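# Observations on the three-dimensional arrangement
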Protein chains: 2
Amino acid sequence: MDELDARIVRLLQANARQSNRELARTLGIAPSTCLERVRTLTRRGVIRGYHAEVDLPAMNRDVQALVSVQMRRHSRPIYEAFRDAAKNWREVITLFVVSGEHDIVMHVAVPDSDSLHSFLVDRLATRQEVARFQSSLIFQRIHNNVLDVLDSGD
Amino acid sequence: MDELDARIVRLLQANARQSNRELARTLGIAPSTCLERVRTLTRRGVIRGYHAEVDLPAMNRDVQALVSVQMRRHSRPIYEAFRDAAKNWREVITLFVVSGEHDIVMHVAVPDSDSLHSFLVDRLATRQEVARFQSSLIFQRIHNNVLDVLDSGD
DNA sequence: AGTGAAAGACATTTAAA
DNA sequence: TTTAAATGTCTTTCACT
């Protein structure tokens, strides 16, 4: 993971669909070198995949919320059962398993506030694993790419 | 946004770097048709970009946390000043502006627990806009693609 | 809206430094 | 590791449906 690898990762995070040639041109290296670098990064698991970013409102998901869930008991089967159900709900964009006051935090996206209510009441409240939950509306969401390797020990 | 568009979005979310030809083959349409569809989806803002997914541990970010921040006062200049500072911090992967008990929730990723402590004490606690914050460690993070349009009214 | 054909651009392999 | 060259594949345009 040298400086060139870091630049490749940075550029592919910003635009994953640029051609290998364009990438190589930007970096000032030969296309074959660039291709080999990207392959190695992928083989080593540094690059995990490439994904299109979709606009949630355009997909009829105008309402977003963070929903924090507290389990009835902190046993593994309890939270695992809930997690495995929740990760298949189409409203859930990201699911975090966390420590602290709550056990699960979900980023959900739904068409409108009725759908959010229905999600909370029909999906969440009906689960036996769930003790309590609270939700907060998301007004804005800003994503950063992982730009630099912090304090690398290499 | 018909069924074909939805299938294109779904496939590009799963793998943004497959060739247009492969995409067309999967969908059973001509490459030129597929290209035009993707262009239209991009022009309409449904597809916002393509990004490489990076493995955080491989980038020396073994510790992740959700950090919830409460502002001193709920005025626009206060939270905007904080938000604009926070979105440039390299530890911050995603920043949510929310309603409810907290005003900002940040997903942060750092090398180790020392770095997390330093982030909380040196970056957060020193900000005048911040009244209180609490953090919870992330043990697992599961991301879902937006598979289907929910209850589309089209 | 969707298509096939054509031209040029690109990915990928290979041999060599 | 890196490269240039070569080959086969792909992107992209366009005339036509």
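Now for a look at the structure at hand. No experiment lies behind these values; they were computed from the predicted model shown.

As a further point, take the protein's contact with DNA strand C. Within the structure, DNA strand C sits among Ser19, Asn20, Arg21, Ser32, Leu35 and Arg39 of chain A together with Ile29, Ala30, Ser32, Thr33 and Arg37 of chain B. Considering the 4 Å shell around the protein, atoms of DNA strand C inside it are sugar or phosphate in 71% of instances. One of the side-chain N or O atoms of Ser32 of chain B is found 2.9 Å from a base oxygen in DNA strand C. Contacts to DNA strand C include Arg37 of chain B, whose side-chain N or O atom sits 2.8 Å from a phosphate oxygen.

Our next topic: the layout of surface pockets. Considering only enclosed or pocket space, the largest pocket measures out at about 1,300 Å³ in volume. What lines the largest pocket is a set of 40 residues, and nearest its centre among them are Arg141 and His143 of chain A together with Thr94, Arg141 and His143 of chain B. Among the secondary structure elements, those contributing two or more residues to the lining of the largest pocket are strand 1 (47-54), strand 3 (92-98) and strand 5 (130-143) of chain A together with strand 1 (47-54), strand 3 (92-98) and strand 5 (130-143) of chain B. Split into classes, the residues belonging to the lining of the largest pocket amount to 16 nonpolar, 16 polar and eight charged. Of all elements in the fold, only strand 2 (63-71) and strand 5 of chain A together with strand 2 (63-71) and strand 5 of chain B reach the threshold of two or more residues within the lining of the second largest pocket.

What counts, and where the lines are drawn
Each chain has its residues counted from 1, running along the sequence as written. Chain A is the first chain written and ligand 1 is the first ligand written, with later ones labelled in order. Local features in this predicted model are restricted to residues whose pLDDT is 70 or higher, and side-chain atom pairs enter the listing and the counts only when it is 80 or higher, whereas totals over whole chains, interfaces and linings include all residues. Note that water and hydrogens are dropped before the side-chain values are worked out from all heavy atoms of the structure. We call a residue near a molecule or strand as soon as one heavy atom of that residue lies within 4 Å of the molecule or strand. Any pair of N or O atoms that falls within 3.5 Å is considered a polar contact. Within protein, one atom must be able to donate a hydrogen and the other to accept it, and sequence-neighbouring residues count only if both atoms are side-chain atoms. The distinction between a cavity and a pocket rests on a 1 Å grid over the protein atoms alone: a 1.4 Å probe fits inside a cavity but cannot get out, while a pocket stays open yet meets protein on both sides within 12 Å along at least five of seven lines, and a residue with an atom within 4 Å of a point counts as lining. Grid points are joined across faces, edges and corners, and a volume is the space filled by probe spheres set on the points. Where helices and strands are cited, they refer to DSSP runs of H or I of at least four residues and of E of at least two residues respectively, numbered from the N terminus. Residue polarity follows a fixed list, in which Ala, Val, Leu, Ile, Met, Phe, Trp, Tyr, Cys and Pro are nonpolar, Asp, Glu, Lys and Arg are charged, and the others, Gly among them, are polar.

None of this, on its own, says anything about what the molecule does.
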